[in-house]
Amino acid sequence: AQKVTQAQTEISVVEKEDVTLDCVYETRDTTYYLFWYKQPPSGELVFLIRRNSFDEQNEISGRYSWNFQKSTSSFNFTITASQVVDSAVYFCGIIKAAGNKLTFGGGTRVLVKP
Amino acid sequence: DTEVTQTPKHLVMGMTNKKSLKCEQHMGHRAMYWYKQKAKKPPELMFVYSYEKLSINESVPSRFSPECPNSSLLNLHLHALQPEDSALYLCASSQDRAQTALSYEQYFGPGTRLTVT
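Everything quoted here is computed from the prediction, not taken from an experiment.

*Asks:* It is not clear to me how the overall build of chain A should be interpreted in this structure. Could you clarify?
*Replies:* Of regular secondary structure, chain A possesses 0 helices and 12 strands. Its helices and strands in sequence order give chain A the pattern β-β-β-β-β-β-β-β-β-β-β-β, from N to C terminus. What you see for chain A is a C-alpha radius of gyration of 14 Å, in line with the 13 Å of a compact globule of 114 residues. For chain A, the spread of C-alpha atoms along the three principal axes comes to 45 × 25 × 20 Å.

*Asks:* Please clarify how the pairing of strand 2 (residues 10-13) of chain B should be interpreted in this entry.
*Replies:* Consecutive side chains along a regular strand alternate between the two faces of the sheet. Residues and elements named next belong to chain B. The alternating pattern of strand 2 places Leu11 and Met13 on a buried face and His10 and Val12 on a face that is not buried. Two strands pair when backbone bridges link them, and strand 2 and strand 11 (residues 112-116) are joined in this way by 4 bridges, in the parallel orientation. Within strand 11, the residue paired with Met13 across the bridge is Val116.

*Asks:* Hey, could you run me through the nonpolar core in this one?
*Replies:* Within soluble globular proteins, side chains that are nonpolar tend to cluster in buried spots. Within the largest apolar cluster, 45 residues are counted, with the highest numbers of intra-cluster contacts made by Trp34(B), Tyr35(B), Phe64(B), Leu76(B), Leu78(B) and Phe108(B). The biggest single contributor to this core is strand 9 (residues 87-94) of chain B, with 6 residues. Ignoring any residue separated from it by four or fewer positions in sequence, one finds Phe64(B) in contact with Met46(B), Phe47(B), Leu76(B), His77(B), Leu78(B), Leu81(B), Asp85(B) and Tyr89(B). One finds Ile49(A), Phe77(A), Ala88(A) and Val110(A) within the second-largest nonpolar core, a separate group that totals 23 residues.

*Asks:* Where do I start with the state of the cysteines in this structure?
*Replies:* Here a disulfide denotes one covalent bond, and it connects the sulfur atoms of two cysteines. Counted according to the given criterion, the structure contains 2 disulfides over all chains. Between Cys23(A) and Cys92(A) runs a disulfide, and the two sulfur atoms are separated by 2.0 Å. Across the disulfide from Cys23(A) to Cys92(A), rotation about the S-S bond amounts to roughly -65°, and the bridge is consequently left-handed. Here Cys23(A) is found in the loop between strand 3 (19-21) and strand 4 (24-26), whereas its partner Cys92(A) is found in strand 10 (residues 88-96), with 69 residues between them in sequence. The exposure class of Cys92(A) is buried, given its relative accessible area of 0%. Between the sulfur atoms of Cys23(B) and its disulfide mate Cys91(B) the distance is 1.8 Å.

Each value, and the rule that gives it
Residues numbered from 1 in each chain as written. Chains lettered and ligands numbered in written order. Predicted model: local features only at pLDDT ≥ 70, side-chain atom pairs only at ≥ 80, totals over all residues. Heavy atoms only, no water. Helix = DSSP H or I, 4+ residues; strand = E, 2+ residues; numbered from the N terminus. Rg over C-alpha atoms; globule rule 2.2 N^0.38 Å. Buried < 20%, exposed > 50% of the residue type's maximum accessible area, 1.4 Å probe, protein only. Pairing = 2+ DSSP bridges. Core = buried A, V, L, I, M, F, W, Y, C linked by side-chain atoms within 4.5 Å. Contact = heavy atoms within 4.5 Å. Disulfide = S-S within 2.5 Å.

Laid out in structure tokens, this is it:
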């Protein structure tokens, strides 16, 4: 079975500050996929990124960046120059290869104050 | 187009009512999912349909009955629910497993907020 831990339950920052969300996962599978989703107050889960276990390249997309480190089983997410619209709950998740079950971490609530 | 639609957005029902939640996607996805999310918790998988066949049932009580009439539609029939079943019900879809890495990306609808009185 897989497990995802998001140790930070809530982070509060002032606009334009950077914020890093931690995600640590456990799995016995050699091939798996990691995800980040954003859930704004409206409730819809918005897909942000997928990372394959065999690809440890970090990624930057606009103000978002992701740091995948297989050696420490971590897949951290950084928002640079945060904005009020970034206020949401962010979930990290994992699926094993040939599986359908997406296991989520507990989520981190980010509050960006103006 | 990565849109998954769900109706209704809100639903209030009594414990003796029968109601249905509906989900639709037009992305050509062949896997569809129901999740339940309680307040301040992550979504929990309930059911998975793959090519219109039920492939995963996460030991969900029989008062929840899923149905997949075709590859674009997913229903969740509700009967004799309990107040603790009040939650946000999310539908998702994906291409299906083991095709490519893209197959694993699940796209979610806006959810139906269900209140059982």
